[in-house]
Structures are given as C-alpha cells and as structure tokens.
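Listed below are the residues making up each chain.
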Amino acid sequence: MSNKPKTFFLLQYAAAITGCITVTGYGALISWSSPAIPYLESEESKIKITYNQSSWIASINLIGLSIGFFLNPFFVDRIGRKWTLIMLSAPQLISWLLIILAKNYISLYCARLIGGIAYGAGLCTMILYVVEVSNKNNRGIFLLLIRLSRGIGGTLTIILGAYLNYQQMNYILLLLPILFIIIFLFMPDSSYFIEINQKSDNKCSKTVKTLNPQTGDFENSKLDNDKIELPKTENKKLSNKNSFSEKISETRIWKLFSNPTNRKAMIIVISTGLLNILSGQTIIGVYGQQILSYKTTPMDPKKAMILWSLLNTLTCLVGINIIEKINRRTILIFSGIISTISLVIIGVYFQIEKSLYNFTYLGWIPIICLSINSIFLSSGASNLFSIYQGEMFSSDIKSIAVTVLHL
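Source: prediction; values computed, not measured.

**Student:** Can you explain the packing of helix α5 (residues 81-101) against helix α6 (residues 105-133)? Please cite residues and give values.
**Tutor:** Contact geometry of α5 with α6 gives a least axis separation of 8 Å together with a crossing angle of 155 degrees. If you check the angle between α5 and α6, you find them roughly antiparallel. Of the two elements, α5 crosses α6, and the hand of that crossing is left-handed.

Spelled out as structure tokens, the structure:
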C-alpha cells in the first residue's frame, strides 16, 4: 500500500472514530437517568423531586430527540456535516453544564430537553458523515461503530454512576463534548472523502447494493458512471423546471415516498427500528436500576446494570461476523422471537412475585432474561438497524430518509 492510500485509509478511520465521540455522548444522555434518578429521589440529593417529576426528567429528552431529528436537515445540507456536528456540540456542552449547576427540577428539565435536541440532530448528522467518509469496503464497519459508540456511552455512564458520586459522574460526561470539539476541528468535512472516493470508484465499474426481497440481503447491481451523483448536485435540475408539479417531483421527500424501492426500504428499516424500540432496550437503559431493584433480586442493581451494559456493547462486536454469515431476514425473525420470549418470562415473573413471598431462589430469572434479550438484539437487529440506515438509500435522499426514520 503506497503512502497516499494508506494516509487516506487512516484519515477515514480517524474521522469516523473521532466523530463517534458525539454518539458516545448520545448513549450517555440516554443512560444518564438510570444512575441519576435513584440518587435524585434519595435523601442525599440537594434537589428534591417527586415521582412524577423524576419521570419527566427521565423522558423529556425523548421529546428533544424528536425535535433534533426534525431540525437536522435544515443545517446538515447547508453548512455541511462537519460544521453541523461542531455547532451541535455547543448545546450538548450547555446541557451537561445545566445538569451540574441545577438547583431545581426545572433546570434539569431544560438540560435534558436541550441535550435531547442537540444529540438527536447530532446522531442523524453522524450517520450521514460516516456514510460519506467511508467507501464500500469499510462502510458496514463504520456504521456499526456508531452502534458500538452508543453502547460505550451507556456503559460508561452506568459504571460512573456505580462507583462515583452524582456530580463526579456529570463532570466526566461534560468532558465528552469538549474532547469532541478539540479533536474533530482537525478532521476534514465529508465532501473531501466523497471526492476522493468518487475518483477511486471511477477507475472501475460502478455497483450499488440493492435489496433482494427474497433473502433480505444486499446484492450488487451495476450502474453507469453518469448516474453517480454527489449530494451537492441534487437540486441543480430544479432551475430548469417551471411547473410546480415538476418541482414537487424533484424534492427529496417526494423521491423518498414516490419511488417503490425507497418505500420498500423505508418499511424494512422502520420495521427493524420498531423491533428495537418495542424490545424495551431504551426503557431498560433509562430505568434499568429501578427495574432491577425488585425485592427478590440476588444482585446489586448497579452491578446488574453494568453487566447488562457490557453485554449490550460487547455483543455488538460479535454481531459484525454474524451479519456477514447469516441471512439477514433470519437474524431479524430470530431476534424478535427470542426478545418476545424473554420479555414474556420477565413479565410473568414480576406478576407472580406480587403474590408469592418465598421466591428468592428464582431471583436470577429477570437478570438472565434481560441479558439474553440484550445479547440477541445487540448482535442482530440493533446492528442491522444501523447498517440499513446507511446502505438502503441513495445519497440524494439519505439525509431526509434518516430524519424520517428517527422521527
């Protein structure tokens, strides 16, 4: 490998890994309430909150995420992926500062809402940045790096909450956007990588991955060189359109829903996303310590959450090989079945626990079932959801597709 390709290869990985610091912050934002809420509800907390207020503190960031997903397209295609990410690091920093300085529950509401907006938009932008930084040889790895970074953020927060006090945890999490700004400023924008990848691809025949509806996998299809477009050229044809209907037909949102292939891709990715949401992964991350504080638990809830988070993160790495070797439709079906069975067992256990007293010898059941649920989802469906977002849509509609998917 000559020096120039090797340098470009290293720069790709440096840009992707550095950018994923903001996704680590996203994971920290989601999992923050798991160690924070038990402390805020305790007598040690200087901020006195009610049960209803704690529920809002834990969930208001989800409203912010939706706002951030919606606002993302207004910035990402105007100022570029890199500068959107840097701009969003400012409200991310403010959200952690507000948490540190908070004197009442209103401040925590504001902090969590601002953090949700900033990290929601940042996650969408990072998916686009990673797709454009990568090429066909490493795109799947980079997309899984986003999933891994989110897991690392959640695991970091839960470990900090278990072994440090509330404020020490917040101060360390404050370092994430600061570290991101310092390092990411030196990374090039994704347009630099697009140009080089385009030149490299022009030396050989063009192929794109298309979905095989029978197998659920991607297959290579040839494209002519003149059909490959950079995101910057997507709106040039509008200047020649006079009819309102023709202008509408050229918009990205119209292309997304009018094209049968795009609609099928949307259905597949949304279904995969719903599998993750309905599996309870996010709820476990938010309320994990409270869920594992049941009366027959044989394990400290803090340590049980560390175990769950580590499994969630490590099995993401295992899933890289699984996805390449097993039919993707099979992975989705199997993950869904195992997730359903494990959650049903947990539900039955908690229902029986209410009526029986000497139930300690079965106290491991919820922890084991949550671990199994995490292993199968993290190694399969969760990874596929990350990959599908980057691979199933063309560059001219990718930004709007990612926004719609997260909304």
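Still more to cover.
**Student:** Could you give an account of the pattern of salt bridges, naming the residues involved and the relevant values?
**Tutor:** Within the structure shown, the criterion is met by one salt bridge. Salt-bridge contacts for R81 lead to E132; the nearest nitrogen and oxygen are separated by 2.7 Å. Of this pair, R81 sits in helix α5 while E132 sits in helix α6; the two residues are 51 residues apart in sequence, bridging distant segments of the chain. The same class applies to R81 as to E132, namely buried.

**Student:** Can you break down the nonpolar core residue by residue, with the values?
**Tutor:** Core analysis: the biggest nonpolar cluster contains 57 residues, and W32, L40 and L108 have the highest contact counts within it. Looking at this core, the elements that each hand over two or more residues are α1 (3-19), α2 (21-31), α3 (33-40), α4 (51-76), α5, α6, α7 (139-163) and α8 (166-184). Of the residues forming this core, the biggest block, 13 residues, is contributed by α6. Those residues in contact with L108 that lie beyond four places of it in its chain are W32, L40, I47, I57, I99, A102 and Y166. Of all hydrophobic cores here, the second largest spans 21 residues; its members include L256, I331, L332 and F393.

**Student:** I'd like a description of the environment of L144, backed by residues and values.
**Tutor:** Topologically, L144 is positioned in helix α7. Since its relative accessible area comes to 4%, L144 is described here as buried. Through-space distance from the C-alpha of L144 to that of L384 is 8.6 Å; in sequence the pair is 240 residues apart. Ignoring sequence-local partners within four residues, the contact set of L144 consists of C316, I320, N383 and I387.

Reading the values: rules and limits
- Residues numbered from 1 in each chain as written.
- Predicted model: local features only at pLDDT ≥ 70, side-chain atom pairs only at ≥ 80, totals over all residues.
- Heavy atoms only, no water.
- Axes fitted to C-alpha atoms, helices over the stretch in contact; angles between N-to-C directions.
- Helix = DSSP H or I, 4+ residues; strand = E, 2+ residues; numbered from the N terminus.
- Parallel < 35°, antiparallel > 145°, perpendicular 65-115°, else oblique.
- Left-handed = near helix turned anticlockwise from the far one by under 90°.
- Salt bridge = Lys/Arg side-chain N within 4 Å of Asp/Glu carboxyl O.
- Buried < 20%, exposed > 50% of the residue type's maximum accessible area, 1.4 Å probe, protein only.
- Core = buried A, V, L, I, M, F, W, Y, C linked by side-chain atoms within 4.5 Å.
- Contact = heavy atoms within 4.5 Å.

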